[in-house]
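Structural overview for review
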Amino acid sequence: MHLDLSELSQLAPIFRELFKGYHVSRRDPELYAQLSNFQDQYRTLFKALGFELVCDTRGFYYFVPDMAAAAVNKTAQRLALFTFILVEHLADQGRDPIAVLDGGSLGREELPSLLDKYRDLFIQAEVQTVEELEEKIMRRMTQLGFAGEENGVYRFLPPMHRFLDVCLSVQQDRDLAASVHSVLPLPAPVLIDEEAEAKFLATDDPLDLSEFEEESEEDALARAIAEEQESDA
């Protein structure tokens, strides 16, 4: 494909934003329109430079991160953890997590109660105060294009689907495991009470268990020969 760089008028700002992990969506009209109009050209150019441009059909663009770097990326871990926490928190409140994370909003005044409720999990992400929650998670979400903030209200943008997809996948795995256990329950032991056991042992017609006794190899061989002779007779 022949590339006309004069057409790629937003190349510098697009590359700069994507390179730092930002997700370009309709919230960025100029950059988004440029990527949408010249998607193939940008994908080809970035591929030649060693970057994979992804266009999510839900309306955002991003670079596929290096897997090794992503595995140790604390920011990504914190944002994923926060999404899991938020999904559970919203469900507990009777609110639809998907509706909130897909264009809905979260008020800053909700953060203190959220932190108190899931403090143990936030501590694992090195977040112990509301200030750290805002600085290390909420601010990074806005910087990377996952949310926008205005007057103390965080509104979630389409790129949140990247984390939401992971949450839904985990939930589906849990539901599947639960359904398997419910369909295939472990057999419960059958207990015989003492009275029933005594009646069984005192019966006048006990079971003849001799046919179930272990048969020696010699006896088995003799029996097989006898049966064969009878069949030939």
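Structure first, text after, so check above.
What this report covers is the structure whose coordinates are included nearby. Keep in mind it's a predicted model, so treat the numbers as computed, not measured. (Residues numbered from 1 in each chain as written. Predicted model: local features only at pLDDT ≥ 70, side-chain atom pairs only at ≥ 80, totals over all residues. Heavy atoms only, no water.)

Relative to the assigned elements, L111 resides in helix α7 (residues 111–117). On the basis of relative accessibility, which here comes to 0%, the residue L111 falls in the buried class. Here L111 is in contact with L106, V130, L133, E134, M138 and Y154, once residues within four sequence places are set aside. (Helix = DSSP H or I, 4+ residues; strand = E, 2+ residues; numbered from the N terminus. Buried < 20%, exposed > 50% of the residue type's maximum accessible area, 1.4 Å probe, protein only. Contact = heavy atoms within 4.5 Å.)

In this section: the sheet that holds strand β6 (residues 153–156). The strands that make up a sheet pair up through hydrogen bonds in the backbone, lying either parallel or antiparallel. Read across the open sheet, the three strands follow the order β4-β6-β5; overall the sheet is antiparallel. Two strands close off the open sheet at either side, each with one partner strand: β4 (105–107) and β5 (147–150). This sheet shows a mean twist of 20 degrees between the axes of neighbouring strands, independent of strand direction. Relative to β6, β5 runs antiparallel, the two sharing four bridges. Residue A147 lies in a different strand from β6, and its bridge partner there is F156. (Pairing = 2+ DSSP bridges. Axes fitted to C-alpha atoms, helices over the stretch in contact; angles between N-to-C directions.)

Attention shifts here to the side chain of S25. Position of S25 among the secondary structure elements: in strand β1 (residues 24–25). Exposure remark for S25: the relative accessible area of 2% places this residue in the buried category. The residues touching S25, leaving out its near neighbours within four places in the chain, are Y32, G59, F60, L157 and P159.

Remember that side chains alternate between the two faces of the sheet whenever the strand is regular. Residues Y154 and F156 of β6 are buried on one face, while the alternating residues V153 and R155, pointing to the opposite face, are not. With three bridges connecting them, β4 and β6 associate as antiparallel partners. Along β6, the bridge assignment pairs S105 with R155. Between the antiparallel neighbours β5 and β6 lie two residues, among them N151 with a positive phi of about 55 degrees.

With that settled, consider the packing of helix α1 (residues 11–19) against helix α2 (residues 29–37). The geometry of α1 relative to α2 is characterised by a closest axis approach of 10 Å and an angle of 100 degrees between their N-to-C directions. In terms of orientation, α1 and α2 fall into the roughly perpendicular class. Together, P13, I14 and E17 of α1 and L31, Q34 and L35 of α2 make up the contact between the two elements. Per-class residue counts for the contact of α1 with α2 are four nonpolar, one polar and one charged. (Parallel < 35°, antiparallel > 145°, perpendicular 65-115°, else oblique. Nonpolar A, V, L, I, M, F, W, Y, C, P; charged D, E, K, R; others polar.)

Attention shifts here to α1. Buried within α1 we find P13, I14, E17 and L18. Projection of α1 onto a plane perpendicular to its axis shows the buried side chains occupying an angular sector of 125 degrees, all on one side. Opposite the buried face of α1, by more than 90 degrees, sit the exposed residues A12 and F19. Of the surrounding elements, those touching the buried residues of α1 are β1, α2, α3 (39–48), β2 (53–56) and β3 (60–63). Immediately downstream of α1, the backbone of G21 shows phi near 95 degrees, a positive value. (Arc of directions from axis to C-beta.)

One non-glycine residue, E126, adopts positive backbone phi at about 60 degrees. Mapped onto the secondary structure, E126 falls in the loop between α8 (119–124) and α9 (130–143). Unlike most non-glycine residues, N151 shows phi in positive territory, near 55 degrees. Relative to the helices and strands, N151 is located in the loop between β5 and β6. N151 sits in the exposed class, given a relative accessible area of 73%.

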